[in-house]
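Here is how the chains run, residue by residue.
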Amino acid sequence: MAPTAATSQPIVVSGPSGSGKSTLLKRLFDAYPGKFGLSVSHTTRAPRQGEQDGREYNFTTKEKFLKLVHEGGFIEHAQFGSNLYGTSVQTVKDVAEEGRICVLDIEMEGVKSVKKTDLNPRFVFLQPPSVEILEQRLRGRGTDKEEAIQERLKQAKHEIEYAKQPGAHDKIIVNDDLETAWREFREFCVPNEG
Ligand code: ADP
Ligand code: 5GP
């Protein structure tokens, strides 16, 4: 069957840091090889253990990032904590040229910016069961220093408030039980299956 407009639209996944975006995206990419492609963002933050340049992010310097901003190389970009993050025009183009559905993992300001472009994606928000549980998960992940955890928790409250606005996202998934969240996430990303 030919893909419907809905299934070829890009997908924007957002949600507080620690809400489970990477966990669910990894499942999605593993479950549907070749179907989806991650829009690999640029960031000025340092790589975490296990992250590879060009795979999770294009790790770059502030100078190079700002140069690319100046050249109009980003669809959207934002500051998160003390770091810059952005979706380059090139990364989205690369994914489209591979014939894959482009998936963006971006924060709230990026979501708002993307809404003003002609990308026309579908928006899914991953919500933690509570800020307390989010804090436990961020600490359990063991990748962020105390200051970064505090910044992420502060930002999480803004993201959760924004998600309450009507029409902010097409779907909100509460990531409490992982298997339940995965089922809902898969159904959103691959709506015509089954
Ligand atoms: P994000 O990509 O949104 O920052 P992660 O996918 O890294 O979040 O998840 C943050 C932490 O929470 C990880 O250690 C992950 O294993 C854990 N986690 C994700 N979903 C659940 C869940 N439903 N129940 C318990 N732990 C979870
Ligand atoms: P992390 O440092 O945990 O990988 O990401 C921090 C936040 O930045 C997350 O909310 C993530 O979705 C967001 N992010 C990652 N890439 C981009 C991007 O290209 N643009 C925007 N606006 N946010 C991004």
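Residues numbered from 1 in each chain as written. Chains lettered and ligands numbered in written order. Predicted model: local features only at pLDDT ≥ 70, side-chain atom pairs only at ≥ 80, totals over all residues. Heavy atoms only, no water.

Regarding the layout of surface pockets
So, point 1. For the largest pocket, the calculated volume is near 1,300 Å³.
So, point 2. Taken together, 49 residues form the lining of the largest pocket, with Lys21, Ser22, Glu56, Tyr57 and Asp105 sitting closest to its centre.
So, point 3. For the lining of the largest pocket, the elements supplying multiple residues, two or more each, are α2 (21-31), β2 (36-38), β5 (74-80), β6 (83-88), α4 (89-97), α6 (131-141) and α7 (146-163).
So, point 4. If one sorts the elements of the lining of the largest pocket by residue count, α2 sits on top with seven residues.
So, point 5. When the residues that make up the lining of the largest pocket are grouped by side-chain class, the tally is 13 nonpolar, 17 polar and 19 charged. (1 Å grid on protein atoms, 1.4 Å probe; cavity = no way out; pocket = protein on both sides within 12 Å on 5 of 7 lines; lining within 4 Å. Points joined across faces, edges and corners; volume = space filled by probe spheres on them. Helix = DSSP H or I, 4+ residues; strand = E, 2+ residues; numbered from the N terminus. Nonpolar A, V, L, I, M, F, W, Y, C, P; charged D, E, K, R; others polar.)

Digging into the site of ligand 2
So, point 1. Every one of the 17 residues lining ligand 2 counts as a neighbour, but Ser41, Arg45, Tyr57, Tyr85 and Asp105 are closest to it.
So, point 2. Contact with the protein chains hides 96% of the accessible area of ligand 2, taken as 510 Å² for the molecule alone.
So, point 3. More than half of the atoms belonging to ligand 2 lie within 2 Å of the grid points that define the largest pocket.
So, point 4. For the shell around ligand 2, the secondary structure elements donating two or more residues are β5 and β6.
So, point 5. Grouping the amino acids of the shell around ligand 2 by side-chain chemistry returns five nonpolar, five polar and seven charged. (Near = heavy atom within 4 Å. Areas by Shrake-Rupley, 256 points an atom, 1.4 Å probe, with all protein chains shown as cover. Sits in = over half its atoms within 2 Å of the grid points.)

A look at the pairing of strand β7 (residues 101-105)
So, point 1. Taken across its five residues, β7 has four buried, putting it largely inside the fold.
So, point 2. Across three bridges, the pairing between strand β1 (residues 11-14) and β7 is parallel. Paired with Val12 across the strands is Leu104, a residue of β7.
So, point 3. Of the pairings in the sheet, the one linking β2 to β7 comprises three bridges and is parallel in character. Within β7, the residue paired with Gly37 across the bridge is Cys102. (Buried < 20%, exposed > 50% of the residue type's maximum accessible area, 1.4 Å probe, protein only. Pairing = 2+ DSSP bridges.)

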